[in-house]
Amino acid sequence: MNHGWFWVFSGITMVLFWVLVVLVIILIVRALTNRNRWPGRGGTAHTAQAPPYGPPPGSAPGTGAGGSAEQILAERLARGDIEVDDYHRRLAALHEGTVPPPPTAPPPGAPEP
């Protein structure tokens, strides 16, 4: 016999039961498919050794992971970060081992002070 508000509590209990069943199923599936999602939890951590600093042993100076200075200059020229004249000035300075002087004129498109 359902008298009064008893049907409300039974309905809430049924909904909570099915929510709990669905959550348990989701947690089981995630635990089985994502074992390495959180290294160190529930097993051994899978850690990789960090790469050493500096260029690889036996490589020439200036040929690190970022490329040589000439490659970087060429990339900056290709992106449009520097002008052709600036590229040649910096490239000559690299070959001579000197620091290039600052440009005498502002770059094109720069606002005047």
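**Some words on the overall build of the protein chain**
Broken down by element type, the protein chain carries three helices and zero strands. Counting from the amino terminus, helix and strand elements in the protein chain follow one another as α-α-α. Every one of the 113 residues in the protein chain was classed for burial, and the buried ones make up 7%. Entry remark: accessible area of the protein chain is about 10,200 Å², with carbon and sulfur atoms responsible for 66%.

**Here we look at the packing of helix α2 (residues 69-79) against helix α3 (residues 84-96)**
Relative to each other, α2 and α3 sit at 175°, their axes nearing to 10 Å. Classified by the interaxial angle, the pair formed by α2 and α3 is roughly antiparallel. In this structure, α2 uses Ala69, Glu70, Leu73, Ala74, Arg76 and Leu77 to contact α3, whose residues at the interface are Val84, Tyr87, Arg90, Leu91, Leu94 and His95. Considered class by class, the residues forming the contact of α2 with α3 number eight nonpolar, one polar and three charged.

**Digging into the pattern of salt bridges**
All chains considered together, the criterion is met by three salt bridges. Measuring nitrogen to oxygen at the nearest pair gives 2.9 Å for the salt bridge that ties Asp81 to Arg79. Look at Asp81 and you get partly exposed, because its relative accessible area is 46%. Asp86 is the salt-bridge partner of Arg90, the closest N and O atoms lying 3.0 Å from each other. On the criterion of helical spacing, the pair formed by Arg90 and Asp86 is a turn pair, its members being four residues apart in helix α3. A single network of salt bridges, built from pairs that share partners, joins Asp86, Arg89 and Arg90.

**Some thoughts on the packing of aromatic side chains**
By the definition in use, this model includes one aromatic pair. Here Phe17 and Trp18 contribute two aromatic rings whose centre-to-centre distance is 5.1 Å and whose plane-to-plane angle is 75°, an arrangement assigned as edge-to-face.

**With respect to the environment of Leu91**
You can see Leu91 is positioned in helix α3. Note: C-alpha distance between Leu91 and Glu70 (21 residues apart in sequence) is 6.8 Å. Not counting residues within four places of it along the chain, the set of residues in contact with Leu91 comprises Glu70 and Leu73.

**So, the confidence of the model for the protein chain**
One rule of thumb: low pLDDT means the predicted coordinates there are not for detailed reading. In this model, the protein chain carries a mean pLDDT of 74, and residues with pLDDT of at least 70 account for 54%. The least confident element of the protein chain is α3, whose mean pLDDT is 87; the most confident is helix α1 (residues 6-33), at 90.

Calculation rules
- Residues numbered from 1 in each chain as written.
- Predicted model: local features only at pLDDT ≥ 70, side-chain atom pairs only at ≥ 80, totals over all residues.
- Heavy atoms only, no water.
- Helix = DSSP H or I, 4+ residues; strand = E, 2+ residues; numbered from the N terminus.
- Buried < 20%, exposed > 50% of the residue type's maximum accessible area, 1.4 Å probe, protein only.
- Areas by Shrake-Rupley, 256 points an atom, 1.4 Å probe, with all protein chains shown as cover.
- Axes fitted to C-alpha atoms, helices over the stretch in contact; angles between N-to-C directions.
- Parallel < 35°, antiparallel > 145°, perpendicular 65-115°, else oblique.
- Contact = heavy atoms within 4.5 Å.
- Nonpolar A, V, L, I, M, F, W, Y, C, P; charged D, E, K, R; others polar.
- Salt bridge = Lys/Arg side-chain N within 4 Å of Asp/Glu carboxyl O.
- Phe/Tyr/Trp six-rings, centres within 6.5 Å; stacked < 30°, edge-to-face > 60°.
- pLDDT = per-residue confidence, 0-100.

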